[in-house]
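# Structural overview
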Amino acid sequence: MSEIMTGGESPDFEDARRITENLAAIRAGIAAACEASGRDVSSVRLLVATKTVPAHRIRLAIDAGVDLIAENRVQELATKDGALAGLPVSRHFVGHLQSNKVRDVLRYVSCIHSVDSMSLASKLARELEKTGRQLEILIQVNTSGEASKFGVGLEDAESLIRSVSRLEPLRIVGLMTIGLLFSHGEAARRCFVELRQLRDRVASLALPGVEMAHLSMGMTPDYQEAIREGATIVRVGQAIFGPRPTRPGLFWDERDRDQV
Ligand SMILES: *Cc1c(COP(=O)(O)O)cnc(C)c1O
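Starting from 1, residues in each chain are numbered consecutively following that chain's sequence as written. In keeping with the predicted nature of the model, local features appear solely for residues at pLDDT of at least 70, side-chain atom pairs appear and are counted solely at 80 or more, and the whole-chain, interface and lining totals rest on all residues. Computation of side-chain values covers all heavy atoms of the structure but excludes hydrogens and water.

### Focus on the nonpolar core
Ile 112, Ile 139 and Leu 170 are the most contacted members of the largest nonpolar core, which has 68 residues in total. Ranked by size, the runner-up nonpolar core spans 11 residues in total, among them Cys 111, Met 176, Ile 178 and Ile 233. In these notes, a set of buried Ala, Val, Leu, Ile, Met, Phe, Trp, Tyr and Cys residues joined through side-chain atoms within 4.5 Å is what counts as a nonpolar core. Using a 1.4 Å probe on the protein chains alone, a residue whose accessible area is under 20% of its type maximum counts as buried, one over 50% counts as exposed, and one in between counts as partly exposed.

What follows is the structure, encoded as structure tokens:
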């Protein structure tokens, strides 16, 4: 951008304007993808992924109308919590959850997208029972087959869902996947189709405690493909806040990460 256009404006003002413009572009992109697939724009919710983004920039996004944000590390939830207190925003968790962080995460979020094992689900349920609280969760499915990825395998998903559905405090409200990383178009689309077909199969079982209302899928490079395949929640970060440094460990806990 030229200096003539930006002269005299504070960096924060500049940043606020850029975030507002980026959000408008994403909302237009969501509307276009909905239109192209004959869907109502209100059937897709924008979740803003805020990992590595400092709280003051997240506030700018909330000022610009964002009402749903998510972190993928409990530590980041904790450090940003004070600065975001009282703001009109819902918070979800989308990262790999270590069992020793289960109690902490429940202090901050209303929904966890990344439940992928019975042991994690049981720990969550046990913690929730202490307070009589219920929690909405999504089951994370590994649709890409990439070994580095968390998520239950497609072939094991149905039996995991049956088991988790018996845990009283957890309400399964859908499925989540991370498509192929660094790829979009046809290859990413295949992952989204797999998740949608699994959703349809599970929905047809009509299991008590399971509501297949949500498909959480699609990120910066592929959210439009995801919407065309039925996403009800798209998780977008970089298209709003700008590129993140690509060091390892940004999607998952460093301990569990291998090289991409
Ligand atoms: C970071 C992240 C996103 C968003 O990715 P962007 O490239 O920033 O759009 C979505 N889902 C999960 C699980 C993430 O960790």
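### Let's talk about helix H3 (residues 55-63)
Secondary structure follows DSSP: runs of H or I at least 4 residues long count as helices, runs of E at least 2 residues long count as strands, and numbering of each begins at the N terminus. Among all positions of H3, only Ala 55, Arg 57, Ile 58, Leu 60, Ala 61 and Ile 62 are buried. If you follow the buried residues of H3, they end up packed against helix H2 (11-36), strand E2 (68-71), helix H4 (74-84) and helix H10 (238-241). Two residues form a contact once any of their heavy atoms are found within 4.5 Å.

### Details of H4
Within H4, burial applies to Val 74, Glu 76, Leu 77, Lys 80 and Leu 84. One side of H4 carries all its buried residues, which in axial view fall inside an arc of 135°. Away from the buried face of H4 by more than 90 degrees, exposed residues Gln 75, Thr 79 and Gly 82 are located. Looking one or two residues beyond H4, the residue adopting positive phi is Gly 86, at roughly 80°. To obtain the arc, one takes the directions from the helix axis to the C-beta atoms.

### Focus: unusual backbone geometry
What you tend to see is this: most non-glycine residues have negative phi, and most peptide bonds are trans. Positive phi is not limited to glycine here, since Thr 52 has a value of about 70°. A positive phi is found at Ala 206, a non-glycine position, where the angle reads about 50°. Looking at the secondary structure, you find Ala 206 in the loop between helix H8 (186-205) and strand E8 (210-216). Given a relative accessible area of 62%, Ala 206 falls into the exposed group.

### Examining the pattern of salt bridges
Where charged atoms from two side chains of opposite charge come close, those side chains can pair. The term salt bridge refers to a pairing of a side-chain nitrogen on Lys or Arg with a carboxyl oxygen on Asp or Glu at a separation within 4 Å. Going through the model one piece at a time under the given rule, you end up with 17 salt bridges. The closest approach of N and O atoms between Arg 45 and Asp 67, which form a salt bridge, is 3.9 Å. Pair noted here: Arg 45 is in strand E1 (residues 45-49) and Asp 67 is in the loop between H3 and E2, with a separation of 22 residues, a long-range link. For Arg 45, a relative accessible area of 35% translates into the label partly exposed.

### Things to note about the environment of Met 118
Residue placement: Met 118 occurs in helix H6 (residues 118-129). It is 7.2 Å that separates the C-alpha atoms of Met 118 and Ser 163, two residues lying 45 residues apart in sequence. If we skip the residues at most four places from it in the chain, Met 118 touches Leu 160, Ser 163, Val 164 and Leu 167.

### Looking at the side chain of Glu 229
As for its placement among the helices and strands, Glu 229 is situated in the loop between helix H9 (223-228) and strand E9 (233-236). Polar contact is the term for a pair of N or O atoms within 3.5 Å; when the atoms are in protein, one must be able to donate a hydrogen and the other to accept it, and sequence-neighboring residues count only if both atoms are side-chain atoms. One polar contact links Glu 229 to Arg 189, side chain to side chain, over a distance of 2.5 Å. In contact with Glu 229, other than residues within four places in its own chain, are Arg 189, Phe 192, Val 193, Arg 196, Leu 215 and Met 217.

### Quick look at the site of the ligand
In the vicinity of the ligand, 13 residues are found, and the nearest of them are Lys 51, Thr 220, Arg 235, Gln 238 and Arg 244. Within the backbone of Gln 238, a nitrogen or oxygen atom sits 2.8 Å from an oxygen atom of the ligand. Using the Shrake-Rupley algorithm and a 1.4 Å probe, accessible areas are obtained, with residue cover drawn only from the displayed protein chains. Alone, the ligand offers 380 Å² of accessible surface; in the complex the protein occludes 98% of this. Amino acids outside the nonpolar list (Ala, Val, Leu, Ile, Met, Phe, Trp, Tyr, Cys, Pro) and the charged list (Asp, Glu, Lys, Arg) are all regarded as polar, and Gly is one of them. Each residue belonging to the shell around the ligand can be placed in one class, and the counts come to 6 nonpolar, 4 polar and 3 charged. Being near a molecule or strand, for a residue, comes down to having at least one heavy atom within 4 Å of it.

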